[in-house]
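Spelled out from the first residue to the last, the chains are:
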Amino acid sequence: MPREYTLHTSNPERRSAIDYRAELNDQQYEAVTSAPGQALVIAGAGSGKTRTLTYRVAWLLDNGILPENILLLTFTNKAAREMLERVQGLVPVETQQLWGGTFHSIGNRILRHHAEFVGFRKGYSIMDREDQKSLMDTVIASSGIDTSSFHFPKSTVLCEIFSLLTNTLGGLHEVIADRFEHFIRVEDQIEEVWRLYELKKRETNSMDFDDLLALTVALLEENPDVRERFQRQFQFVLVDEFQDTNSLQCKMIDMLVGEDGNLMVVGDDAQSIYSWRGADVQNILQFPEKHHRTHVHKIEVNYRSVPEVLHLANAAIANNSGQIRKALQPARPVGGMLPALVPLDNPGAQAAFVAQRILELRDEGVDFREMAVLYRAHFHSLEIQMELTQRGIPYQITSGLRFFEQAHVKDVAAFMKLIVNRHDEVSFMRIVRMIPGVGNASAGRLWTDWRKSGMLTDEDVPRATLAAALHGLKVPKKATSVWEQFAYTLEELVTEEGKPVPPRSMIQSVTEGVYLDYMKSKFENYEQREQDLEQLADFADNFREPLEFLGQLALLSGVDTDNKPADDGDKDAVTLTTIHQAKGLEWHAVFAVWLADGMFPHSRVIEEGAFGALEEERRLFYVTITRAKDELYMTYPLIWHQARDGNIMQKPSRFVAELPKELFELWKIKAW
Ligand code: ATP
Ligand code: MG
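Residues numbered from 1 in each chain as written. Chains lettered and ligands numbered in written order. Predicted model: local features only at pLDDT ≥ 70, side-chain atom pairs only at ≥ 80, totals over all residues. Heavy atoms only, no water.

Participant: Got a minute to help me understand the overall build of the protein in this structure?
Facilitator: A tally of helices and strands in the protein yields 28 helices and 19 strands. Scaling as 2.2 N^0.38, a compact globule of 672 residues should have a C-alpha radius of gyration of about 26 Å, and the protein matches this with 26 Å. Counting only C-alpha atoms, the protein reaches 75 × 75 × 55 Å along its principal axes. Across the 672 residues of the protein, 55% fall into the buried class. Put simply, of all contacts in the protein between residues at least 6 apart along the chain, 77% involve residues at least 24 apart. (Helix = DSSP H or I, 4+ residues; strand = E, 2+ residues; numbered from the N terminus. Rg over C-alpha atoms; globule rule 2.2 N^0.38 Å. Buried < 20%, exposed > 50% of the residue type's maximum accessible area, 1.4 Å probe, protein only. Contact = heavy atoms within 4.5 Å.)

Here you go:
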């Protein structure tokens, strides 16, 4: 065993002025300043786990660890950014070099330089869910499987099956038997589609989101040299929200950290809410067994919420049996308001109540950005969105169709993607289908011609060669003049030598060259969309390389990531979000809406009666309550209008009904 010796670049001037003792409690301090090794911080909501990680990074930098030797894995890119900004404010060290972000973004960063190792090429595209679905459709169509004669899963379901398979490191048979039992008869055909899909991705040089993790793992597993390089680089690995990691992510961590590497993970088993996507709470519970020398740090104080909110949270989670018991103690003094339970006549009244309280709070001096409306499902936000819009209350929404997933953004991105990855069939098809007179059949033929045109190489091709290939494609007669236009536009996206021009110029060329006309013919609200594209061009200013920009774009529309360009966080706006997306965040006032049984917990969970699923819903409820610092409003509409069956009366969520009455106050709302 070689002796380990650490080099420090000790420069007292570059140390921070943090008083670690004063700014942290004993347990946090112990974790922050702990010796290298493996550590687990397991503690309840709002106890400062994320704060502990932030200070740990600062501590490491203060002790001479170089930023590039630190890897910080967080739930969203935004979370990573915020933590690094905080550290930057604390320590006079350039933190840009530090590796921080989601598992997907880190995977992408690693794979960009090693794509050839895993059967892809350098400029690979990243497909979002919609791209993935359309590639899957192509694969199914080409497989020769007669999907009409028996019950065969749709492409979205196949994507889901393959995703679970990848994320849980399970076998196809297990996944189908466990969760998709009704497809067991067509297992062989599903396996065949899977094989073809894997091939197709390589052929079109396109990865799906899961590949960003799975291929990173494969790369590191199969290439000891590469693995060693990264293990040497990442001397300190830190992971937030560890309770929601799945097997694949865990494996990725193992590969990056190595046997004896330094790993600190933080999490809360009571907030594990992603098992439907393959997360496994056992990863955190069994961490100490897996890593024998783990130091376990527990924090039992909550700094976020007033005691009134905290007591309610403790009571809510106490109804779960499969939880490590931890009754959090409040650090803050009593004196807040009791959480409110507010039944309202109907969804419209619920929205009106939320809007009115928001305005009152604002008048009391609370910023909009300190308020959030949380819901179980995206459609619960519709009336609220309308009401806030009517009253001119600014809000930002982090659920539902995101900015980057809208058709016009994706259309423009398709041009860019094809330029940097000429193998990208999905983008090629998307572009040619925009041309009037080009249907599926002729699009398919054009793709075949494109493949034959010698364009499927990885080297830059001079603009003239590209132009010749583009103009050489035989489009249907009535599409000729529009195609010319498209071809000229595509040409403009490269320099004479064939290098892609900067992303902003690309977006402008596409918009001015062809897309504005297309939008006018296709969309009613094209002006709004035009503004979106201007905003996209502004966002692109942050990137010199189209590849970098496209990578970010794909990740921003991804499942595990936040969805806004960096600057949006500064806007003073109310947040509207699903609870799943609200993890780790906190606000002065939280409105938990639609707390009716059947909405939350979800009726599907109630009907299936699966105990584990109900407990997960209850953890989701716990996450909801613990987002509130000072004020919590739990609302639900008594009547839910449903078109045909007339009025449906609703009961409060069983999670509310089981709470002790003295822990909240019932509000009776009257219209005047
Ligand atoms: P969650 O489980 O929701 O992710 P968490 O455990 O990560 O929560 P943080 O977000 O780190 O908790 O902290 C919650 C709040 O408490 C933050 O506003 C944080 O600044 C504050 N806080 C944490 N520890 C301390 C402390 N020792 N002194 C003062 N404030 C603290
Ligand atoms: Mg946190």
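Participant: Whenever I open this one, the pairing of strand 7 (residues 262–267) confuses me. Can you help?
Facilitator: Of all six residues that make up strand 7, six are buried, and the element is covered over most of its length. Direction of pairing for strand 1 (residues 38–43) relative to strand 7: parallel, over a ladder of five bridges. Across the sheet, the residue bridging to I42 is G267, located in strand 7. Judged from the four bridges that link them, strand 6 (residues 236–239) and strand 7 form a sheet pairing that is parallel. Bridged to V239 within strand 7 is V265. Handedness of the crossover is the feature at issue here: the chain leaves strand 6, passes through helix 12 (residues 247–257), returns alongside strand 7, and the resulting connection is right-handed. (Pairing = 2+ DSSP bridges. Right-handed = clockwise from strand over helix to strand, strands pointing away.)

Participant: What is the right way to read the pattern of salt bridges from this model?
Facilitator: As a working rule, side chains carrying opposite charge can pair if their charged atoms are close by. Counted under the stated rule, the structure contains 36 salt bridges. Across the pair R195 and E192 runs a salt bridge, and its minimum N-O distance is 3.0 Å. Placement of the pair is R195 and E192 together in helix 9 (residues 187–203), with a separation of three residues, close to one helical turn. Given a relative accessible area of 45%, R195 falls into the partly exposed group. (Salt bridge = Lys/Arg side-chain N within 4 Å of Asp/Glu carboxyl O.)

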